[in-house]
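The chain contents come next:
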There are 2 protein chains.
Amino acid sequence: MSPYDPSAFPPFAVTVDLVVLTVRRHALCALVVRRGEQPFQGRWALPGGFVREDEDLGAAARRELAEETGLCAHDAGTPPAETSGAHLEQLATYGAPGRDPRMRVVSVAHLALAPDLPAPRPGGDANSARWAPVEELLEPEGAPPHSDEQQTPLAFDHGRILADGVERARSKIEYSSLATAFCPPEFTVGELRRVYEGVWGVALDPRNFHRKVTGTPGFLVPSGGTTTRQGGRPAQLFRAGGATLLNPPMLRPEV
Amino acid sequence: MSPYDPSAFPPFAVTVDLVVLTVRRHALCALVVRRGEQPFQGRWALPGGFVREDEDLGAAARRELAEETGLCAHDAGTPPAETSGAHLEQLATYGAPGRDPRMRVVSVAHLALAPDLPAPRPGGDANSARWAPVEELLEPEGAPPHSDEQQTPLAFDHGRILADGVERARSKIEYSSLATAFCPPEFTVGELRRVYEGVWGVALDPRNFHRKVTGTPGFLVPSGGTTTRQGGRPAQLFRAGGATLLNPPMLRPEV
DNA sequence: GCAAAAGTGTTGTCCGTACACCCATGC
DNA sequence: GCATGGGTGTACGGACAACACTTTTGC
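The residue numbering used here restarts from 1 in each chain and proceeds along that chain's sequence as written. Each chain takes a letter, starting from A, and each ligand takes a number, starting from 1, following the order in which they are written. The predicted origin of the model limits local features to residues at a pLDDT of at least 70 and limits the giving and counting of side-chain atom pairs to 80 or more, whereas totals for whole chains, interfaces and linings rest on all residues. Calculation of side-chain values draws on the structure's entire complement of heavy atoms; hydrogens and water are dropped beforehand.

- Under an unreviewed UniProt entry, chain A has the name NUDIX hydrolase and belongs to Streptomyces lichenis.

Next up, the structure:
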C-alpha cells in the first residue's frame, strides 16, 4: 500500500491552544475564556482555535494570541523585538482519542509569557475572558479520586495542559532570561524579583537576588532612568539584555 | 459560526516521527531508514508513520519504535520497567504548510533513547535501516547558504527535527538521570561516563565523574557484581536508581 | 522621625575542578 | 613488568546563603 493514499489515514482536526501566563499581584495567573457552547458550556477553557489552511503552527498561535490579548509575540528564535512583545514557544501536543467528545482533535499547545496587561481584551468567539490565578485553575494534588465531579474548573484536558505550561515556565526561568518576558520594557530589579517570587511561590533574598542578576553579564542592561513607583529609595531601571541563557542558573529554593 | 462545523476546518494527516538515539563506539548515533518512494526516494529519513484512528500519540510512537527496533519503551511518567526499555518522550510538533509536498501533514516528533543494540531490525515499510552518527546527518553549521542542493542528507525537515532531538538529549542528561537509558540494564561507571562523553562530544575527568555519580543519592544502585569487559581493574556493576532528577546537575564543560 | 525599598560588604560553607596517588586485572 | 581502566585523597577557587549595614525616597 502507498502510505499516502488519502484513504489510508484518518483525518484529524488540528488546533492550537494557548497557555498565556502573567504575574499579577504577586501571583501567577493564566488567561482563560468562558465557553459559550457545548460541550463544557459555561466552563473556563484555554484560548485557542483551528489551524488554518496554509498556516504554520507558530503563526496560528501568534494569531490567536493577538486576537485574545492584542500582544505582538515574537518567535523564540528571533531576536527580541522592540514592541511590547510577549514570549511564545511551543509547549506540547495533546491528541488522546477521547479528549474532545465530538471528533478527533489534535491540539498543539503553546506557552506565552506576557507582562501584566491592563485588562484582558476578549476577542474572537469567546464571550468573556479573565486572568485567573493558576492555583484556582489547577486540580488540588491531594484530592481523593472519588471527589465530586467538578474536580477541575477547566474544560477538556486543559487542566493538564495548563499544569504542563506552568511547570515549563517555572523551570525555564531558572536557567534562561525568560522572566523578563513577564516585565514591561523597563523594569527594576525588585520588579523582576517579584516575578520570580510569583512564579515560584517563594520568597527570595532581595540583596542576593540583586547581586545575582546585575552580576550576570548580558542579563540586564541599565536604561539610565530611575523610578520610585514601588516606593522607597529610587531604583535603577533596566531592559532585558541580549543573553538568553543564564549561567550559572538562578537557583530555586528547595521545596 | 460553530467552530466545530466539519466544513469549517481543513483536515490534516497526523504522523509520528522518531528520533531514536544511541551511543555506539563513543559517538552519538541516530536511527534512519532509507525511503523507498517519492518524494526524497533513496534519501535517509527518520522512522515514522501515521497515527491510527483511536490511537493516542504516545501509543503510536511506541508502536513505531517497536516496529523499527523491537524495543519496548515505557512512558516518561511511568516507573522504569524491568524490560530492556528505552526512554520515550514527546519532542515537538512540526506542521509547516509545505513540509510535505503532497499534502498537509502535521508530525508529532518523539525522542527515544536506546542502549547500543546489536543491529537495527528493519521493519514496516522501510527497506533498510541503519545507525548513523549524528554529525553525518546534521547540516554543517558554517555551510554557505548557496551551497549545492544536497545540503542535508535527510528528507523533508527531518534534519531540523533531528537537531532538535539531539539538543534535547544533550541538555536533558545534564539535569536528569536519562543517560542510563543509553546503557544496558547493568553497567559500570565508566560505561556511563562514555555515554556522557559520546553525547556531549567532550572528555570528562574519570575520577570526578565517579565521585559525582556515586555520590548522588538515588542515581545508581550497586547490583553486587563486577566486570572486566572494559579491561583493567574489575569495575562495580550498577543499575539505574529511582531518582529521575539530578540535583545538583551534571555540569557540561564550557564549549 | 519612621517606614519602605534599594543597594553594598562580609563571612562561612558547599561543591566543582585539577591533579597526585593507589588498586586490581590481562598480557 | 607494564598498560589499562577503576577508585580515593586533597587543595584551591567560585558561588551561594545568611546576615549586618548604609542610602534615598515618601509621609
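Some details on the interface of chain B and chain A
In step 1: Pairs of residues are marked as contacts when any of their non-hydrogen atoms sit within 4.5 Å. The interface of chain B with chain A comprises 33 residues on the first partner and 34 residues on the second.
In step 2: Buried area: the sum, over both parts, of the accessible surface (1.4 Å probe) that disappears when the two are put together. Overall, the association of chain B and chain A removes approximately 2900 Å² of surface from exposure, summing both partners, and the carbon and sulfur fraction of that is 61%.
In step 3: We count a salt bridge whenever a side-chain nitrogen from Lys or Arg sits within 4 Å of a carboxyl oxygen from Asp or Glu. In this structure, the connection of chain B to chain A is made through 0 salt bridges.
In step 4: Polar contact is defined as a pair of N or O atoms within 3.5 Å, subject to the rule that within protein one atom must be able to donate a hydrogen and the other to accept it, and that residues adjacent in sequence are counted only when both atoms are side-chain atoms. Across the chain B-chain A interface, the total number found is 10 residue pairs in polar contact (both at pLDDT 80 or more).
In step 5: Mapped by element, the contributors of at least two residues to the side of chain B that touches chain A are β1 (13-24), β5 (87-94) and β6 (105-113) of chain B.
In step 6: Comment: elements are numbered from the N terminus, with helices defined as DSSP H or I runs of at least four residues and strands as E runs of at least two. A per-element tally of the side of chain B that touches chain A places β5(B) first, with 4 residues.
In step 7: Charged residues are taken to be Asp, Glu, Lys and Arg, nonpolar residues to be Ala, Val, Leu, Ile, Met, Phe, Trp, Tyr, Cys and Pro, and polar residues to be all remaining types, Gly included. When grouped by side-chain class, the residues that make up the side of chain B that touches chain A number 19 nonpolar, 4 polar and 10 charged.

A few points about the protein's contact with DNA strand D
In step 1: Nearness here has a simple test: a residue counts as near a molecule or strand if at least one of its heavy atoms is within 4 Å of that partner. Among the 23 residues in the neighbourhood of DNA strand D, the closest are listed as A:Arg207, A:Lys212, A:Arg233, B:Arg207 and B:Arg233.
In step 2: Those atoms of DNA strand D that come within 4 Å of the protein belong to sugar or phosphate at a rate of 51%.
In step 3: B:Arg193 is positioned with one of its side-chain polar atoms (N or O) 3.3 Å from a phosphate oxygen of DNA strand D.
In step 4: Contact between DNA strand D and B:His210: a sugar or linking oxygen at 3.4 Å from a side-chain N or O atom of the residue.
In step 5: Elements that contribute at least two residues to the surface near DNA strand D include exactly α5 (206-215) of chain A together with α4 (189-200), α5 (206-215) and β9 (235-240) of chain B.
In step 6: At 4 residues, the largest contribution of residues to the surface near DNA strand D is made by α5(A).
In step 7: Considered class by class, the residues forming the surface near DNA strand D number 5 nonpolar, 8 polar and 10 charged.

Notes on the pattern of salt bridges
In step 1: Under the criterion given, the structure shown has 30 salt bridges over all chains.
In step 2: Here A:Asp205 and A:Arg207 are joined by a salt bridge, their closest N and O atoms 3.1 Å apart.
In step 3: A 1.4 Å probe rolled over the protein chains alone gives each residue an accessible area, and that area as a share of the maximum for its type sets the label: buried under 20%, exposed over 50%, partly exposed in between. What makes A:Arg207 exposed here is its relative accessible area of 59%.
In step 4: In this structure, B:Asp116 and B:Arg24 form a salt bridge, with 2.9 Å as the shortest nitrogen-oxygen distance. Of this pair, B:Asp116 sits in the loop between β6 and β7 (129-133) while B:Arg24 is found in strand β1, placing the two residues 92 residues apart along the sequence.
In step 5: The buried category is assigned to B:Arg24, whose relative accessible area is 19%.

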